[in-house]
Each structure stands twice: as structure tokens, then as C-alpha cells.
Amino acid sequence: MKTEQEKEQATLEVNGQEHITGAEALLQCLIEEGVDTIFGYPGGAIMPVYDKLMDYEDKLRHILTRHEQGAAHAAQAYAMVTGRPGICFATSGPGATNLVTGIANAFLDSVPVVFITAQVVSGLIGTDAFQETDIIGVSMPVTKWNCQVKKSHDIPDTIAKAFYIAKSGRPGPVLIDITKDAQLEKLNFKYKKCNYIRSYNPHIPLHIKAIESAAIMINHAERPLILAGHGVLISGAEDELKAFAEKTGIPVASTLLGLSGFPSDHRLFTGMLGMHGNYGPNLLTNEADLIIAIGMRFDDRVTGNLKKYAKKATIIHIEIDEAEINKNVIVDVEINNDAKEVLNYLIHLVKENSFEKWVREFRICDKTEYEKVIKPETKPEKGELRMGEVVSRLSEMTKGEAIIVTDVGQNQMFAARYYKFRHPNSFVTSGGMGTMGFGLPAVIGAKIGRPDKTVVTFVGDGGFQMTIQELGTIMQYNVPVKIIVLNNNYLGMVRQWQDMFFDKRYASTEMVNPDFVMVAKAYNIPGKNVSKREDLNSSLEEMLSAKGPFILEIAIEKEGNVFPMVEPGSSVSEVRLTY
């Protein structure tokens, strides 16, 4: 005779179900979604999940970071280089709130990360229980969607919905907060992926008439310019963009997060837009008669003074998020669709063309910028080492094949300007949020996501110390990342603004730093200090050839500035080459 429990289990097996805890159900949901890596930090409220995680070590790899913010940044970088959602765990209270900067970072940069936080038992919610925080309320402004789960049987459908929302349309972070009792309570588990939610329509049918109107404008333009943003990479439209540009002969400029979406060495690539972008695309934006903006949101760092922006141009905006269209810049043709789908359709409507005279204007600007900015920065004849010089050397040595991760500040701008990207999704940085401390945890996530690639991070001495504890994560998992600390003993970008706009009153920007190589040595990470130009090449080669992690601390010019620069309140055509 079978017991009642055995009968119930037999019934469940016939129906394709298991009788398991909510904690185990969560892990099985992740496996069903193809997850193989989780970044996180345990604590009291999420302990049931971590306990069950030990039973799934063959299917789910957990990376224990040294801080929840580090886990969030690592998960974002993992998503950016793999194209799959990053996964991040944290416990309740401070564990959850420590994620907020990382959540906001992923939100502003449209990166799909599924954050799973734990909550106190449902009966204690609202009582100010130990380590209780309303993470749903806290995270609402910086998540694409969030939800609290109080019953175990709601876990599968909620997780399925979370993945669908995070990945579809304009991607972004989602957060699921699961009470401790829901993790312990049992349910009859069955998982079904989500591909539809009522009232949520991420896939919009092509706006054919708008695309046809755009084609007519493109075919009649004389000085057209493509502005390629992060949406090109998100939609996987790199090949379509290249084919479109080559057929039409239209020059291409990139936003910061759009870098690597179009080959840096392509004859039609004009460089990076924005405050510290290249001279040509900034100066000539205001000379274009047609701007084709693809997957970008006209951020203030790109447009400069809006009252003086692109006044000669008709503007076509291809953007999947309707809220971004006409938000900052009023456009003439709105195409509220996925970039890849639009370009696939548009390429058959446009004529083969060439704008050699127009492209030549960018090349003239390139020569001016090279003589006044690039040559002095990358090939200095004397003086201290310079940031651009270091980045340029690394680019040459790796032949543009590495994945580059940056922190925020001067190191970020120099990396963006002087590394020549050859492959999509090979540049990982914090764009909209501008989060110092992003670089070190992000390089961990990027390397774990792409173990086949050389992955290098450029960090400044300021940002490095914000998350320096993640050297412990590198040590524990022997993550073979390459770390370049560009050390000028300043908060470099803030100092540059103090130099230019505050009469060189360097208030709280000069830093007294430790020997970073000695610090890394305490974590069993080898490294080298570099201060002489004649040692740079050999040191970079030593770093790149190291089988495990390696750190280079490079002493660079203390008061070097990033140019070109579009000053706050200025037009992009008022871009300055020197100070």
C-alpha cells in the first residue's frame, strides 16, 4: 500500500510537477531560463535559497562578491558582454539597499539584470523588523518592473514574467523580493516561460509609412550623419548598420555606449560624439542637413546646448522606447521600432550613394584633432606618462581584440577615445549613471561572461578605491582579469573642472594613495609599478601574458586634461581642442 505522500508524489510526477520549497523552485526557474552564473552575497533572509544552492552547484555557479554593489555591477557587465540577463542575489535590509546604485546603473544603461532580494517573513512586513526595508518602494524609480512575492506558488510565474520584461523591448533591470516564508513553503512546481503579458506590448509592428518617409529624406540628403547609440548593440543591429552605412555612404558617429557597434577602423566611422568626443562629429553635427539617430536618446552629454543643436538638420529618430522620442530633441520623423528590424527594411528602400566631399570634411577635422590633441597625447616626446598614451599602446598590442571595461572619469574618456574596438559588445562602462567604482567588479563579470577573451579594465585611483575590496573576489575565484590603475593622485575629472571653471581651486580632489601593487599582493595578485616611458611596453606585455590576474599601477601626468571638450552650456560646434 502506498502512503498518502507517495500517492501525491506519483500524481505530481504524472502532471510533470515536483513538490519542492520556494527556494528550490527559484533555482529551478533560473535553470529553465538558461542561467549558469549568479553574483551575490548571502544573509539571514535569503539563507533558504543559499542552502538549496549547494544542491545545484553542478548547474549554477555562484560568485561571492565582497559587497552587494559589486555583485550588481558584475551582473550588469556579464549581461553586456553575453547578451543574456545578469543575475544578482542579495538579502533583505542593507543587502537590498546596497544594490540600489547598481540597479540604477543598469536602468539608465538599459541592461537586463534580474535582481532577487529576500524579505523578512510576510507576517513581519511593516513592523520595522530586523533588516526590513521596503526595497520595492526604494527600487521602483530605477527598475523596469518590480514585485514582491509572499506565497511560494507565485514564484514560477513571477520569475518567468521578470525574465520576459527584463529582456524584451527596451531591456532593463527587474527586482523580485521574496519573503523568507515563501522560500520555505512548499509548492507543486511547474515552469512555463512567459512570452505575453496583457497591456505590455514590447514588440511594435513596423511603422512602414514612417520608414518610407525616412528613405525619401535619406535619398535626397546632401550632408547626412548617422548617430549610433547603445540601441544598435542591444538589438544586435551591428551588421545591418554597417550594410546600411556602406550602401548609402553616410558617415557614422557613435555615442559613448554605442562604441563597438561600428568598427573603429571603418572608412565611414567619424568617432565618438559628446562632451569629450571627437572633433569632427561634434563640430559637423551642426552642419548636417539630415541626422539619422539610431537607438540613442539625445543625452545632454551628446547634444550640448539644445537651443543650438542641429538647427540645419531634419532629424529621423529610430528608437524602441517611445518615451525617448521628442523628449529632449523634437524630431521630424518618428520610428518607434527595434533598430535591427527598421534597418533591415530601410536598407532595401535607400539608394546606393557616396558622400565623399562630406566625409572628407570629417577627415580634415581628424587631421586637425590629430595634430593638436591626439599626437601630443599618444606620442609625447618628453614628460610624464599620459593616459591616452597607455590606452593607445594597449590598443595596438591587443589589435582591438580585447574587451575593455572602465571606471568613470578621465580613465573612461581616454579609454573610449583611444582604444580601437573591432568587435561588438567589447566596451563595458557606466554611461548614464557615471558610477565611480564600476570598473573593478564589472571586469569580473565581463571576464566570467567571456572567458575566451582578454578582458582589461582601466580605473582611476579614486574609483578603484571605491570597490577595491573586490580584489578578494578575484583572488577567491582566480579570475584572470587585467587591471590598469591610471594613477594621478587626483580625482582627475573633478580636478579638470576645478582647473577650468573654479580657478584651479582643487578642493578635496588631491588624494594620498597606498601602493596599489602592494595592496594587490596581499590578495595574491601579482603586479608592477610603472612610472617610466621606457618600461611601458614591456610592462603591458608582461600583464597581457600573465595566465592569472595582474595589476599595473601606472603613474601618469598629475594635471593632464581630456580634450576635445564641449563645455557645459556650449554648442557642440563650439568644441574646444585645447585649454
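Here's a quick rundown of the structure. (Residues numbered from 1 in each chain as written. Predicted model: local features only at pLDDT ≥ 70, side-chain atom pairs only at ≥ 80, totals over all residues. Heavy atoms only, no water.)

Moving on, we get to the overall build of the protein. Within the protein, the secondary structure is distributed over 24 helices and 20 strands. For 579 residues, the compact-globule estimate of 2.2 N^0.38 gives 25 Å, and the protein sits close to it at 25 Å. Each principal axis of the C-alpha distribution contributes one length, and for the protein these read about 90 × 60 × 40 Å. Split into buried and exposed, the 579 residues of the protein put 58% on the buried side. Here the contacts in the protein between residues at least 6 apart in sequence split such that 76% fall between residues at least 24 apart. Element-wise, carbon and sulfur atoms account for 50% of the exposed surface of the protein, whose accessible area totals about 23900 Å². Of the side-chain charges in the protein, 61 are positive and 71 negative, and the distance between the mean point of each set is 4 Å. (Helix = DSSP H or I, 4+ residues; strand = E, 2+ residues; numbered from the N terminus. Rg over C-alpha atoms; globule rule 2.2 N^0.38 Å. Buried < 20%, exposed > 50% of the residue type's maximum accessible area, 1.4 Å probe, protein only. Contact = heavy atoms within 4.5 Å. Areas by Shrake-Rupley, 256 points an atom, 1.4 Å probe, with all protein chains shown as cover. Lys, Arg positive; Asp, Glu negative; His and termini not counted. Charge placed at Lys NZ, Arg CZ, Asp CG, Glu CD.)

The six strands are arranged 3-2-4-5-7-6 in an open sheet whose pairing can be described as parallel. What marks the edges here is a single partner per strand, and that holds for strand 3 (61-64) and strand 6 (145-149). Strand-to-strand twist of the sheet, defined as the mean angle between neighbouring strand axes without regard to direction, takes the value 20°. Sheet topology note: the strand 6/strand 7 (residues 174-179) ladder contains five bridges and is parallel. (Pairing = 2+ DSSP bridges. Axes fitted to C-alpha atoms, helices over the stretch in contact; angles between N-to-C directions.)

Turning our eyes to something else, we now look at the nonpolar core. Side chains that are nonpolar tend, in soluble globular proteins, to be buried together. In this structure, I292, I404 and I484 are the most contacted members of the largest nonpolar core, which totals 97 residues. Residue contributions to this core peak at six residues, all from helix 16 (residues 356-378). The contact partners of I292, leaving out residues within four places of it in the chain, are I218, L225, I226, L227, F244, I250, I316 and I318. (Core = buried A, V, L, I, M, F, W, Y, C linked by side-chain atoms within 4.5 Å.)

Turning to empty space enclosed by the protein, a few remarks are in order. Across all of its chains, the model carries two cavities of 30 Å³ or more by this definition. Roughly 70 Å³ of internal volume is contained in the largest cavity. Taken together, E377, L385, R386, M387, Q410, F414, I556, E557, G560 and N561 make up the full set of residues lining the largest cavity. Split into classes, the residues belonging to the lining of the largest cavity amount to four nonpolar, three polar and three charged. Considered as a void within the structure, the second largest cavity measures approximately 30 Å³ in volume. Surrounding the second largest cavity, I218, N219, T248, I250, K351, N353 and F355 form its lining. A per-class count over the lining of the second largest cavity returns three nonpolar, three polar and one charged. (1 Å grid on protein atoms, 1.4 Å probe; cavity = no way out; pocket = protein on both sides within 12 Å on 5 of 7 lines; lining within 4 Å. Points joined across faces, edges and corners; volume = space filled by probe spheres on them. Nonpolar A, V, L, I, M, F, W, Y, C, P; charged D, E, K, R; others polar.)

What follows covers the environment of A72. With respect to the helices and strands, the residue A72 is situated in helix 4 (residues 68-82). For A72, a relative accessible area of 1% corresponds to the buried category. Apart from the residues within four sequence positions on either side, A72 is in contact with C88, L99, G102 and F115.

Applying the stated criterion across every chain, the model contains 12 aromatic pairs. A centroid spacing of 5.5 Å and a plane angle of 75° characterise the contact between Y490 and Y506, whose relative ring orientation is edge-to-face. Taken together, the positions of Y490 in the loop between strand 18 (482-487) and helix 22 (492-501) and Y506 in the loop between helix 22 and helix 23 (516-522) put the pair 16 residues apart, joining distant regions of the chain. Within the aromatic cluster, the residues linked to one another by ring pairs are Y419, F421 and F427. Of note, R495 hangs over the ring of Y490, and the distance from its end group to the ring centre comes to 5.7 Å. (Phe/Tyr/Trp six-rings, centres within 6.5 Å; stacked < 30°, edge-to-face > 60°. Lys NZ or Arg CZ within 6 Å of the ring centre and 35° of its normal.)

Here the structure, examined in full by the defined rule, presents 24 salt bridges. A salt bridge links R422 to E401; the nearest nitrogen and oxygen atoms lie 2.9 Å apart. Of this pair, R422 sits in the loop between helix 18 (410-418) and strand 16 (427-428) while E401 sits in the loop between helix 17 (387-398) and strand 15 (403-406), and the two are 21 residues apart along the sequence. Among the residues examined, R422 registers a relative accessible area of 44% and is labelled partly exposed. On the basis of relative accessible area, E401 is assigned to the partly exposed category, the value being 29%. (Salt bridge = Lys/Arg side-chain N within 4 Å of Asp/Glu carboxyl O.)

All right, on to helix 15 (residues 339-346) then. Three or more residues of helix 15 are buried, namely A339, V342, L343 and L346. Taken around the axis of helix 15, the buried residues stretch over an arc of 95°, which confines them to a single face. On the buried face of helix 15, the contacting elements are helix 10 (208-220), helix 11 (230-234), helix 12 (238-248), strand 12 (290-294), strand 13 (314-318) and strand 14 (333-335). The N-cap of helix 15, judged by a side-chain oxygen 3.1 Å from the amide nitrogen of K340 a few residues on, is D338. (Arc of directions from axis to C-beta. Polar contact = N/O pair within 3.5 Å; in protein donor to acceptor, adjacent residues only side chain to side chain.)

With respect to burial, strand 5 (residues 113-119) is a largely interior element, seven of its seven residues being buried. Along strand 5, one buried face is formed by V113, F115, T117 and Q119 and the opposite face, lined by V114, I116 and A118, is buried too. In this sheet, strand 5 lies alongside strand 4 (residues 86-90) in parallel orientation, the contact comprising five bridges. Within the sheet, the bridge partner assigned to F89 lies in strand 5 and is I116. Here strand 5 runs beside strand 7; their pairing, made up of six bridges, is parallel. By the bridge assignment, F115 is partnered in strand 7 with L175.

The next subject is the sheet that holds strand 9 (residues 224-228). Within the open sheet, the six strands sit side by side as 11-10-9-12-13-14. Their pairing is parallel. Where the open sheet ends on each side, the last strands, each with one partner, are strand 11 (269-272) and strand 14. Between one strand axis and the next, the sheet turns through 15° on average, direction left out of account. Pairing geometry for strand 12 and strand 13, over five bridges, is parallel. Bridge pairing in strand 13 places I292 opposite I316. On the sheet, helix 10 packs against strand 12, strand 13 and strand 14 and is oriented at approximately 130° with respect to strand 14.

It is worth spelling out a negative patch on the surface at this point. A contiguous patch of negative charge on the surface is contributed by D51, D55, E57 and D58. When you line up the elements, D58 lands in the loop between helix 3 (47-53) and strand 3. For D58, a relative accessible area of 66% translates into the label exposed. (Patch = residues over 30% accessible without salt bridge, like charges linked within 9 Å, V, L, I, M, F, W, Y side chains within 5 Å.)

The subject of this paragraph is helix 4. Relative to the 21 Å expected for 15 residues at 1.5 Å per residue, helix 4 spans 21 Å between its end C-alpha atoms, a close match to the ideal helical length. Across the 15 residues of helix 4, 15 count as buried, placing the element largely inside the fold. Residue G83 follows helix 4 closely and has a positive phi angle near 80°. (Expected span 1.5 Å × (residues − 1).)

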